[in-house]
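# Reading the structure
If you want the building blocks of each chain, they are given just below.
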Amino acid sequence: MKRFKGKLGVLLYTPVNGFIASALILVLATSISLFVYQKRNVGKGVNKGMSSSSVVTQDVLQASQQPIVVDHNSVNLFEQIPDQYLSAARNLRVMFSDRSVGQNIHEYLNCFSALSWATSSPSCRVAYYNSNWNFKTFSERDRLAGTVPSSVLFTPDPIKYDRSNWKFVFRGGSFSYLTQDFITSLAPQYLEITDVLMYEFSYLNIRATDTVINDPVNGYWANSTRNYDVNDYENFISANPGKIFPFWTTSYARSIGTEVGMQFNSTMRQYAINNNKILFDVADILSFTPDGEPCYDNRDGIAYTSQQGQYENNPDDGVSYPAICQDYTTEPDGGHLGSVSSGGLRVAKGFWVMMAQIAGWNPYGQSLPIPTTYYSDPSESTPTPTRYYTPTPTPTRVPTATLTPTSIPQGGVSIHVGDLDGKVNIVNGGWQARVEVYVHNSMLWFPVL
Ligand SMILES: [Ca+2]
Ligand SMILES: [Ca+2]
Ligand SMILES: [Ca+2]
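Quick caveat: nothing in here was measured; it's all calculated off a predicted structure. (Residues numbered from 1 in each chain as written. Chains lettered and ligands numbered in written order. Predicted model: local features only at pLDDT ≥ 70, side-chain atom pairs only at ≥ 80, totals over all residues.)

### Quick look at unusual backbone geometry
How we decide: A run of H or I in DSSP counts as a helix once it spans at least four residues, and a run of E counts as a strand once it spans at least two, with each numbered from the N terminus.
Backbone torsion omega between I256 and G257 reads -10°, so that peptide bond is classified as cis. Along the polypeptide, G257 turns up in the loop between β7 (247-248) and α9 (259-274). For W133, which is not glycine, the phi dihedral falls at a positive 65°.

### Observations regarding helix α8 (residues 230-238)
Put simply, the test is: Our exposure labels follow a C-beta count within 10 Å of each residue's own C-beta, placed from the backbone: buried means 20 or more other C-beta atoms, exposed means 12 or fewer, and partly exposed covers the counts in between. Here the arc refers to the directions that run from the helix axis out to each C-beta atom. For the purpose of contact definition, each residue receives a C-beta atom placed from its backbone, and two residues are in contact when these atoms lie within 7 Å.
What α8 keeps buried is the set V230, D232 and F236. In a view along the axis of α8, the buried residues occupy a sector of 155°, so they form one face of it. Of the exposed residues in α8, those oriented more than 90 degrees away from the buried face are N235 and S238. The secondary structure elements touched by the buried residues of α8 are α7 (175-190).

### Comments concerning helix α5 (residues 100-109)
The element α5 is largely enclosed, with a buried count of 9 among its 10 residues. Here α5 has its buried residues at S100, V101, G102, Q103, N104, I105, H106, Y108 and L109.

### Focus: the packing of α5 against helix α11 (residues 342-358)
Spelled out, the test is: Simply put, an axis is a line fit to the C-alpha atoms, just over the touching stretch for a helix, and the angle between two N-to-C directions goes from 0 to 180 degrees. Each angle gets one of four labels, with under 35 degrees taken as roughly parallel, over 145 as roughly antiparallel, 65 to 115 as roughly perpendicular, and the rest as oblique. Amino acid classes used here: Ala, Val, Leu, Ile, Met, Phe, Trp, Tyr, Cys and Pro are nonpolar; Asp, Glu, Lys and Arg are charged; the rest, including Gly, are polar.
Their axes nearest at 8 Å, the elements α5 and α11 cross at an angle of 75°. Classified by the angle their axes make, α5 and α11 are roughly perpendicular. When α5 is examined against α11, the residues N104, I105, Y108 and L109 are found in contact with a partner set consisting of G344, L345, V347, A348 and F351. Among the residues forming the contact of α5 with α11, the class breakdown is 7 nonpolar, 2 polar and no charged.

### Remarks on the sheet that holds strand β1 (residues 68-70)
Rules: If DSSP finds at least two bridges between two strands, the strands pair.
Ordered by their spatial adjacency, 3 strands build an open sheet running β1-β8-β7, and the pairing between neighbours is parallel. Across the chains shown, the open sheet's two edge strands, defined by having one partner strand only, are β1 and β7. Sheet topology note: the β1/strand β8 (residues 278-280) ladder contains 3 bridges and is parallel. From the neighbouring strand, V70 faces β8, where its bridge partner is F280.

### Here's the deal with the nonpolar core
The condition is simple: The term nonpolar core refers to a group of buried residues, namely Ala, Val, Leu, Ile, Met, Phe, Trp, Tyr and Cys, whose C-beta atoms join them within 7 Å.
Residues A89, Y108, A348, W352, M355, A356 and A359 are the most contacted members of the largest nonpolar core, which totals 91 residues. When residues of this core are assigned to their parent elements, the largest contribution, 10 residues, is made by α11. Non-local contacts of W352, meaning those with residues more than four positions away in its chain, are made with F78, I81 and A89.

### Quick notes on the environment of C124
Within the element layout of this structure, C124 appears in the loop between α5 and β3 (126-128). Take C124: there are 23 C-beta atoms within 10 Å of it, and that puts it in the buried class. A sequence separation of 221 residues divides C124 from L345, and the C-alpha atoms of the two residues are 7.5 Å apart.

### Quick word on the sheet that holds strand β5 (residues 166-170)
Pairing in this open sheet of 3 strands is parallel, and the strands run β5-β2-β6 from one edge to the other. Looking at strand neighbours, the two that pair on one side only are β5 and β6 (196-199), the edges of this open sheet. Each adjacent strand pair in this sheet contributes to an overall mean axis angle of 15°, direction not counted. Across 4 bridges, the pairing between strand β2 (residues 94-98) and β6 is parallel. Bridge pairing in β6 links S97 to Y199. On the sheet, α7 packs against β2, β5 and β6 and is oriented at approximately 155° with respect to β6.

The structure is reproduced here in C-alpha cells:
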C-alpha cells in the first residue's frame, strides 16, 4: 500500500501524454479503491501488520541516527505534542515493566484518558496545600475557584490520550534477575504483539549496599558470565531488529539517593548518548521540582513530618545525592508516587513525550513524516480508539519456575500478588524470605512490613 501510493505520487508530478494519462487514471482508480478499503478497515484491526511494521522501521532508523533523551526538561513538551504524533504514539504497542513505581506510572497514564479533570481518579488530583506538607484531593469546585495547584491541573481526553495499547507488567528482583527475566521470558512473550519493550530498575536496585550493579567485573555495565548485564541485553536487542528497546534510569526514594544510584544513572546517561539510545530519564524527572530545582537525599539535617505523622530527621551526611523530591511523594524514606499526584503526572507526561518522539516527532527540529498507514486528520479518524490486538491476561501474577535457587544468578526473585510484594533471596548460602505488605486504598501505598 505504502509503495503503491509512492508510485502514484511520482506519476502525479510527472508531465503526462495521452498514454500515461490513461495509465494514471487506472492507477488512480486502483489506489483510491485500496485507500477506501484500508480506511474502512483501519479501526477494525485488519491492517495491524502493516501499521506496526512501517512505524517500527522508521523509528529504528531515527533511534539509530541520534539519541532521544526525555528528562525533566522534556515534561512541558507534553502540551505541545502535535495531534498527529499523539495519534501515532497511542498506536504504538508498548510493554513496560517495573515494580511498584511502575505501577504508579501505569495508573497516572490513566489520568490523561479520563473524560474530564473533575471525573479523573481522585489519585490524579492530590496536592500539598501548605508548607507543612499537608495535602488533599482537589475537586471541581476548587478548580472553578482557581485554587488547584497548577502541578495537578491537566486537560484529559479519552481519545487523544488513550493508552490502551500500553501495557504494564510488574517485575521485581536484582538487576541480573530483571535482565534475565526480560530477555528470556517477559519480552519474548510480548515480541509478537508489541513494538516498544522496556524495563526499569527501581530504587531497590541502587541502595547503598547494591554496589554490584556498578561493579566493573560483574555489574550491569560489565560483560560477565556470572550475571545478566547490558551485553546480554544488547545481544537480545540485536536479535530483534524490528523492535524498539528504550532504556530507563532508575526510580528514586527519599533515602535512595545513594552513591550507587548516582553512579548508575550517570553511566546510563552516558551509555545512551554514546550508543544512540532512546532514554527515559525517570531519575532526572523525579529529582527536579516543577520549578527546576534539584532535589537530594533526606540525610540533609532537615526534618520532615508527613500528614500521617511519619517522621525523619536524619543528620546531614555532607553529601548530596540526587533523590526524589518531597514534592512527589509523602513518604519520608520511600519514593512511591501514589499519594501526591504531581510526580506521577510528570513522569506520565514524559512517557507521552517519549512515545511521540519514537513515533517520529522532533520537538527540536525536523519531524519525521507520520507513517502513511496512520490517519492524522482528527476529522477522519474513527471515534473509537484503534486497537491492533486483543489484550491477553496480564501474566504478572504467576510466579515462574525461576524460584529454583540454582537458576537465580544473584539476588533472588520477587512476586507480586494483590497487595503482597514477596521476595526470596539467597543470603550467605541460605534462603531468606521477605514479604512486604502494602495497603492500597487508591491513593496511598503504606509499607506495613
Ligand atoms: Ca552476562
Ligand atoms: Ca531530612
Ligand atoms: Ca545527603
